[in-house]
Protein chains: 2
Amino acid sequence: MPRYKAPVRDMQFVLHELLSIENYSNLPGFSDASPDLVDQILEGGAKFAEDVLFPLNKVGDREGCTRNADGTVTTPTGFKDAYKQLVEAEWLSLSADPEYGGQGLPAVVNVALNEMQSASNMAFSMYPGLTHGAYQALLAGGSEEQKQTYVTRMINGGWSGTMNLTEPQCGTDLGLIKTKAIPQEDGSYKITGQKIWISGGEQDLSENIIHLVLARIEGAPEGIKGISLFVVPKYLVNEDGSLGERNTMQCGGLEEKMGIHGNATCVMNYDDAKGWLVGEEHKGMRTMFVMMNEARLGVGLQGLAQADIAYQNAADFARDRLQSRSLTGPAAPEKPADPIIVHPDVRRMLMDSRAFIEGARAFILWTALYGDLEHKSPDEKVREKASDYMALMTPVLKGFLTDHGFKTTSECLQLHGGIGYTEEMGVEQYMRDARIALIYEGTNGIQALDLVGRKLAANGGRAIFTFFGEIDDFIGENSDNDDLKFALEPLKDIREKLQEGTMWLMQNGMANFNNAGAASTDYMHLFGYTALAYMWAMMSKTALEKKDGSDPFYENKLITARYYMERILPRGGAHLSSLKTGADNMMALEAEAF
Amino acid sequence: MPRYKAPVRDMQFVLHELLSIENYSNLPGFSDASPDLVDQILEGGAKFAEDVLFPLNKVGDREGCTRNADGTVTTPTGFKDAYKQLVEAEWLSLSADPEYGGQGLPAVVNVALNEMQSASNMAFSMYPGLTHGAYQALLAGGSEEQKQTYVTRMINGGWSGTMNLTEPQCGTDLGLIKTKAIPQEDGSYKITGQKIWISGGEQDLSENIIHLVLARIEGAPEGIKGISLFVVPKYLVNEDGSLGERNTMQCGGLEEKMGIHGNATCVMNYDDAKGWLVGEEHKGMRTMFVMMNEARLGVGLQGLAQADIAYQNAADFARDRLQSRSLTGPAAPEKPADPIIVHPDVRRMLMDSRAFIEGARAFILWTALYGDLEHKSPDEKVREKASDYMALMTPVLKGFLTDHGFKTTSECLQLHGGIGYTEEMGVEQYMRDARIALIYEGTNGIQALDLVGRKLAANGGRAIFTFFGEIDDFIGENSDNDDLKFALEPLKDIREKLQEGTMWLMQNGMANFNNAGAASTDYMHLFGYTALAYMWAMMSKTALEKKDGSDPFYENKLITARYYMERILPRGGAHLSSLKTGADNMMALEAEAF
């Protein structure tokens, strides 16, 4: 039987021992987050994910969502009740802004909870996940009235939110948006058009759904510079905050998808729906990017989360399944065969998964802490570095972690053999669910282009050079730590390769933009391998300091670190060789020749 | 709309220009296979795959198979009629043994047809695919009477065949089989037990189903040395060849799988079913391996085939979909945006796919030709080399091509963006279908172990040293061909890496078998990259000889070859670094720590 156990111990290691979040008690919210409270939250969140969300995961996949004849959507059995519990227990407002009803705790703690929710039930967790992004956009770009009207009711999930960007003719290229907005005398707009791939566009979980919609005001400039952002509630809101009349948008259909069946992916038809401008006219993209960057971290997290639940079940299977004898002689001679975990190639799949998962978890939480620092640090220099890092790391997190997260689910399916290909073990669902994360919130190719085209060059490359400097400092400070040498040398090597790739891009990407495009995905992967190498080196240092022979956790961390350095990191170097070959080999064929 | 176009031109290139099969007219069957006839066969087969099988591919996925209350199974709408056409047009007996009703043409030509059938409808093509394996086993191990009774009626698909190996407690480790066979006075056996994952175990396509079943004769030795093979027909066969009474086995259920929904994956319950021994008592594995090796080539082919149909549709999508402008300025200024094929990162996905597909096709057909030589060459030395190569290349073909075939389908899904994740474009089905190929007929991990544990060492490493020698000869013979240098140098480099990996294995794998196990998958991939590099080098030589400026086919072949050498081959080297780190890092964690 599939199971999920939230990785509380590993999260505690990263939060308390690696990142030492208690050292940031000078920041708002952090002073409230005592280690004890953080542990209580992690344990409570774990229980909720394990006992409430996980049992609904397969139900959601099998039943899917149903669009009824009247355009309403029914979510899978049990989702409504679980959502109610989630809202009532105030799990969703944990790190939200206290000014609008949130609890103001560190975002980094909330990210750990989000991993649990995503792992135990990805399709379900997307409903509150999108809401979070939507109110962040309203907080960033909306008027005070909009914040009071909507955000206060969205923060705990009572009302939900959606992002409406894509149309049939445009996904990546939002300059092609056709949905139009006609200004009305009362200051509102009438919104008309079709939006597709709207996650949670219609559902039966929340009282109201607050759609954030990109549209073009009549007469607006063409392209991306004529796009405005609107807030368009499913039910209009009366002055006293109660629900008023039903707005004129409808769910026109649900997509038949490979996975995340429990999440309603809607075609949304807006027909003179009443909406209000968020922020300035024609500047909708700016606010939408707040939402997208936020969402991209959440998607990277999904890659990690699906990898983790797949890994946990693969590990169980490897311990239970008896098949063949160890190559070095029977390990369990009293049984008809040995558990397959004795076989090196089975170990390989588990260790690959584990080394990715724990490295990815550290990377996400390390980045999320910069998210807190960006918004809360009193020190301008710290805020600047944090902002640089958030910008630089977001596409890497999204692209690298979803790609390798998906591969990890596939590897864990493989470990199961034939039964992994059936619904029985759950893992085939985790793989199908994980697959979307490489696509939405900007395909991984778009992340790679964002990285090489925008993020690297910003402020003269300040962010990446700060990152190189940080790695160099770490290596320098620990150069006399012989026990850490196994990690420092490979880290130094991959860091040099990343710098070589960066220099190649700077020299060749400007001369021919296609060189930058051609190198982008390889560069993103090289960056990801480097970032995880740095995480593993830092975790190794901490583990060496903490290990005292009583808790095998630290020794296991060091074993996994060594595996990452020896077995996985060489793959990073291959990306450098590939990217340096430039665009010519890629662009030579005529389009018709394919 | 999804489409499939059989790659006839590329197959002609490989068969006529690269392999020059017309030079083998001294072999039985080859003399009949004039270039014109081969082309006619390819074109006819293409038409059948495109017009008959492909339109049923999505139907099969959506409808799946149904088990009726009486244990019969209904295949998807249209399958029965398509199967009838396949049988009547004698497509299935093309390369079968003329002694039992086959047409005796070269197997290598048949493999090309199989690619088309698998690409256009993998679930459907598995029905005749398994039949082929089953009668090969009967030809290899059965009595003359069994051949006359069964094989003659299976060769064109009128009767079908299945392989019954797996039981709930054993897949890889067939020594654990419990199904029992009790000898009867009339020379038959009563077979009782449960078999699972039986592809086509029940269906409504063929008149009779001939099950080949592994079972243990009462009192047989334990383990793999007590397994015998039985032929157990669904309907007993009267003396005159007509169908007699229904045998006592039933389909007890169908698996709910991630893909290949159009193929019935059956639980088969044998309840004193009447069967006959094939070959000798307790020596069933030997004959079953004939069937499995055959089947493994077919599974490798599935990896290629699903990659190709995914690639074709991705290329169409890339030409059609308008999104964003080229990085180097508008390519189609008259349109609202450029077709995405102008973007380097989209090209990367297409070129990765193409370089894999064309390399894999050459590798499969090159190997299949050795299959013909193994059985048909009058020259003992040639037969020996062919037999060595078939043994050595089979696990590489199965493991490497299914792994990369699956990755290619995923990459082609990615190219589509969001719509790729829905059923609309077909590609998500190709990915789900392709996923099984990494598992069945021996998981890819088992292939890797077979390669390093059995195939490498056989006859003192004769096969691999012959292969190294052949590559060295090729490099030597072409060393003054400056136009080929771009391919020869990388080939030399990867061949040296493969040799280094081989030597490492010979030195370290014997001392500690876990080192061999730990290195096996990396070694298999290193081998695969090397084999495809050799194919690309040979194809480049041929293309250089043939190109005359009029047909862009050859120029395109050279462009793709260069891409393979520059962009893809570096990944092979990373596998060498990984494998040389040995088993220690892999085996260090306690089983409970995972």
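Think of each chain on its own: its residues are numbered from 1, step by step along the sequence as written. Written order decides the labels, with chains lettered from A and ligands numbered from 1. Side-chain atom pairs in this predicted model are given and counted only at pLDDT of 80 or more, local residue features only at pLDDT of at least 70, and totals for whole chains, interfaces and linings cover all residues. Excluding hydrogens and water, the side-chain figures rest on all heavy atoms present in the structure.

Looking at this model, I keep getting lost on the side chain of D352 of chain A. Mind explaining?
Residues and elements named next belong to chain A. Along the chain, D352 falls in helix 9 (residues 344-376). We call a residue buried when its accessible area falls under 20% of the maximum for its residue type, exposed when it is over 50%, and partly exposed in between, using a 1.4 Å probe and counting protein chains only. For D352, a relative accessible area of 12% translates into the label buried. Here a polar contact is taken to be a pair of N or O atoms separated by no more than 3.5 Å, where protein atoms must pair a possible hydrogen donor with a possible acceptor and residues adjacent in sequence count only if both atoms sit in side chains. Within the structure, D352 has its side chain in polar contact with the side chain of R571 (distance 3.2 Å). The contact rule is simple, with two residues in contact once any of their heavy atoms fall within 4.5 Å. Discounting chain neighbours no more than four positions away, the residues touching D352 are E411, Y563, I568 and R571. What counts as a helix is a DSSP run of H or I of at least four residues, what counts as a strand is a run of E of at least two, and both are numbered from the N terminus.

Explain empty space enclosed by the protein to me, please; I cannot follow it from the model alone.
Residues and elements named next belong to chain A. Grid points spaced at 1 Å and placed over the protein atoms alone form the basis of the search, with a cavity being a set where a 1.4 Å probe fits but cannot get out and a pocket an open set showing protein on both sides within 12 Å along at least five of seven lines. Lining residues have an atom within 4 Å of a point. Grid points are joined across faces, edges and corners, and a volume is the space filled by probe spheres set on the points. Under the definition given, this model contains five cavities of 30 Å³ or more. Considered as a void within the structure, the second largest cavity measures approximately 60 Å³ in volume. As for the second largest cavity, its lining consists of Y83, M126, Y127, L130, S160, G161, T162, S199, G200, Q203 and L205. Residue polarity is assigned by list, with Asp, Glu, Lys and Arg as charged and Ala, Val, Leu, Ile, Met, Phe, Trp, Tyr, Cys and Pro as nonpolar; anything else, Gly included, falls into the polar class. A class-by-class count of the residues in the lining of the second largest cavity yields five nonpolar, six polar and no charged.

Hey, could you run me through the state of the cysteines in this one?
Here, the word disulfide means a covalent bond between the sulfur atoms of two cysteines. Residues and elements named next belong to chain B. Cysteine sulfur atoms are paired as a disulfide whenever they come within 2.5 Å of each other. By the definition in use, this model includes zero disulfides over all chains. Here C65 stays free of any disulfide, with the sulfur of C266 as its closest cysteine sulfur at 7.8 Å. Between C266, a cysteine without a disulfide, and C251, which holds the nearest cysteine sulfur, the sulfur-to-sulfur distance is 3.8 Å. Taking relative accessible area as the criterion, C266 reaches 0% and is therefore assigned buried.

Looking at this model, I keep getting lost on the pattern of salt bridges. Mind explaining?
Opposite charge on two side chains lets them pair, provided their charged atoms get close. Residue and element names in this part refer to chain A. Each salt bridge in this description consists of a side-chain nitrogen of Lys or Arg and a carboxyl oxygen of Asp or Glu lying within 4 Å of one another. Under the criterion given, the structure shown has 88 salt bridges over all chains. Notably, a salt bridge pairs E428 with R62, separated by 3.8 Å at the nearest N-O pair. In this pair, E428 sits in helix 11 (residues 427-435) while R62 sits in helix 3 (residues 57-63), placing the two residues 366 residues apart along the sequence. On the basis of relative accessibility, which here comes to 42%, the residue R62 falls in the partly exposed class. A single salt-bridge network, built from bridges that share partners, covers D10, E115, D308, R354, E358, R361 and K557.

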